[in-house]
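# Coordinates in review
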Amino acid sequence: MNNISIIGNTKRFHIITILLSAIAMSFMIYTLFFVRHIDNLKTEFDTAIITFNPIFHDQEIKKLIPILDKIEHLPFARHQDILAVKLAFSTLKTDLAPLQLSVSNLFNNAIIDLINELFLIMLFTFLFFLALSYILISISQKKLLKEVTVLSENIENIFRPDPVNRYHTNIKELKPIESTVQKIVDRYKVYKIMKEITFNAMTVEDLTRGIYDNLKNILKFNRIAFASVEGDRIVAFAAFSDSKTLKLKSGFSQKIHQNSLSKIKKDEIRYIKDLEEHLRENPKSESTKLLVEEGMNSSITIPIFIGDEVRGFLFMNSFEKDGFKNLDKEIIEQIRDILNISYQKTILTTKMVIAAATSFTKLSEKRDNETGAHIVRMATYSKIIGEGLSRHKVYSSFIDESLLNEIYLQAPLHDIGKIGIPDYILLKKGKLSQEEFEIMKTHTVIGWEILDQFDVEASKFGRNFFTIGKLIARSHHERWDGKGYPDGLSGGKIPLCARIVAVGDVFDALTTRRPYKAPFDFEDAFEMILSESGTHFDPEVIKAFEEQKESIRDFYEEFKKENPSEYT
């Protein structure tokens, strides 16, 4: 009997994935170049405005004309915005504010429209992945059904009377056939379940949760988790366990070369029969240590590849030593092939959406003399604080791994709205005037509007990606005492995710160098945060921050080693 496999389909899917990824990347590159073009135009315009001398009005107007001409011919510029710029310019005398405002609106709306176009492209790409994975899995199911039909005919032939010996039957053949039938039935069950899971899953977490809820009893595992490869690090992303206490949580990360995962090859499935023995052989493996503390004793690791590049790992663990000894190897191989398709769909969708948004954040940070490391650090601190808060009785019922992951992924979008702030304000070295500060404060609302545009388009397909991100972008500058902005919210009216991120953001700003200040050391910065409890920050969040001090310190020291110049 031939083995049933979808490896051929998977290889074809890999080729299509690479092509679609290349197309998506080209759109991303175009977007980055377009935003850079806007950035350069803004700089050129802001410079002309700053140096505008009313005494030489006619000469200054001549300098503005070619700049405005380039602005008016900007791709994605709305017609009404162009008319507004022309009107403001035609009435320009000494007050430059109307022209500045109309140009700023044109830039902001052009970026928002570009984001909408890019987001629609990504959504259609996602739908294509969804349809393709559904088709490939359906093909595999048909192969299974065909094999079952052939097997049934073979069984009938065994019991068909022999013309020479009427009563002779090949009884010895029944046991291997019975075993094969059971394996095929089990495979069919797994395929049927996996087909439904992959069709409904929109994110990596959805897919991992679906496998945990529906296949745990068939595959005999007690814990399942997914870890994503991010550069040279592996980051725990989603985990579901029968253990009362989850030790190895999402957000845990380490350099990939520091553990044995880097040795796993494509199409290989690693099976560890005894995790305690594995820990004795690899005493520095922090992840294995945490799994053993959870009560796990054996493990299966399935690598997820896109092309020839590893992008993640799926882990299944059992309370039992050698807990997977009776598991059909071919079932695991078939699951691996499906996962390589399904996780590619969900990983690419999630990362493309987040990357599209964070690319704008990174551009605004570069304009604001920030570093890309800032958004990683503040997101990590925010997640650690959230984990501590989840152990408080009042929050334990609704702060779960899903919310913590959303905070970690979307906290970096907190300052996305700064892309709409003019350079003469964003890059000003001295103190902002009251009028300039009022404009600076609008980055919170601009950020909310940008992310809301994403979700308006996504909602047409039954999905919202940035519910948490919108709340963080708008409200991370609110204060517990009501003296923050933009809405003057106070106390529990401030969204919880924004209250958490506010602490992580400020702590990283205090401990790292900025153009206007030297970094504070860990202890001084920590005490400064604590002193703002009940005024700037939520007292309950600050309590969790204090409880998580050693975890925060560990990451602080790790970040310090990676970027020492930012801490001196």
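Residues numbered from 1 in each chain as written. Predicted model: local features only at pLDDT ≥ 70, side-chain atom pairs only at ≥ 80, totals over all residues. Heavy atoms only, no water.

In this section: the overall build of the protein. Secondary structure assignment for the protein yields 19 helices and 6 strands. Here the analysis covers contacts within the protein between residues at least 6 apart in sequence; of these, 70% occur between residues at least 24 apart. Accessible area of the protein: about 27100 Å², with a carbon and sulfur share of 56%. (Helix = DSSP H or I, 4+ residues; strand = E, 2+ residues; numbered from the N terminus. Contact = heavy atoms within 4.5 Å. Areas by Shrake-Rupley, 256 points an atom, 1.4 Å probe, with all protein chains shown as cover.)

Moving on to the environment of T31. The residue T31 is located in helix α1 (residues 7-50) in this model. Distance from T31 to L118, taken between C-alpha atoms, is 8.0 Å for residues 87 residues apart in sequence.

Moving on, we get to the pattern of salt bridges. Side-chain pairs of opposite charge can arise whenever the charged atoms involved come near each other. Taken as a whole and assessed by the stated rule, the structure comprises 19 salt bridges. Here D508 makes a salt bridge to R377, at a shortest N to O gap of 2.5 Å. Of this pair, D508 sits in helix α16 (residues 496-511) while R377 sits in helix α10 (residues 372-390), and the two are 131 residues apart along the sequence. Accessibility expressed as a relative area gives 0% for D508, which makes it buried. Given a relative accessible area of 1%, R377 falls into the buried group. (Salt bridge = Lys/Arg side-chain N within 4 Å of Asp/Glu carboxyl O. Buried < 20%, exposed > 50% of the residue type's maximum accessible area, 1.4 Å probe, protein only.)

What follows covers a negative patch on the surface. There is a patch of like negative charges on the surface, built from D521, D524, E527, E546 and E547. Put simply, the parts of the chain that give the negative patch at least two residues each are α17 (522-531) and α18 (539-547). Mapped onto the elements, E547 comes out in helix α18. (Patch = residues over 30% accessible without salt bridge, like charges linked within 9 Å, V, L, I, M, F, W, Y side chains within 5 Å. Lys, Arg positive; Asp, Glu negative; His and termini not counted. Charge placed at Lys NZ, Arg CZ, Asp CG, Glu CD.)

This part covers the packing of aromatic side chains. Within the structure shown, the criterion is met by 16 aromatic pairs. Pairing F507 with F526 gives two aromatic rings, centres 6.2 Å apart and planes at 85 degrees, and the pair type is edge-to-face. Linking F507 in helix α16 with F526 in helix α17, this pair joins segments that are 19 residues apart in sequence. Seen in terms of ring centroids, F507 and F545 are 5.6 Å apart; in terms of plane orientation they differ by 70 degrees. Their pairing is edge-to-face. Of this pair, F507 sits in helix α16 while F545 sits in helix α18; the two residues are 38 residues apart in sequence, bridging distant segments of the chain. In this pair, the class of F507 matches that of F545, namely buried. Aromatic ring contacts, followed pair by pair, group Y381, F507, F522, F526, F545, F555, Y556, F559 and Y567 into a single cluster. Here R474 stacks its cationic end above the ring of W448, 5.4 Å away from the centre of that ring. In this structure, K549 packs its charged tip against the face of F526, placed 5.0 Å from the ring centre. (Phe/Tyr/Trp six-rings, centres within 6.5 Å; stacked < 30°, edge-to-face > 60°. Lys NZ or Arg CZ within 6 Å of the ring centre and 35° of its normal.)

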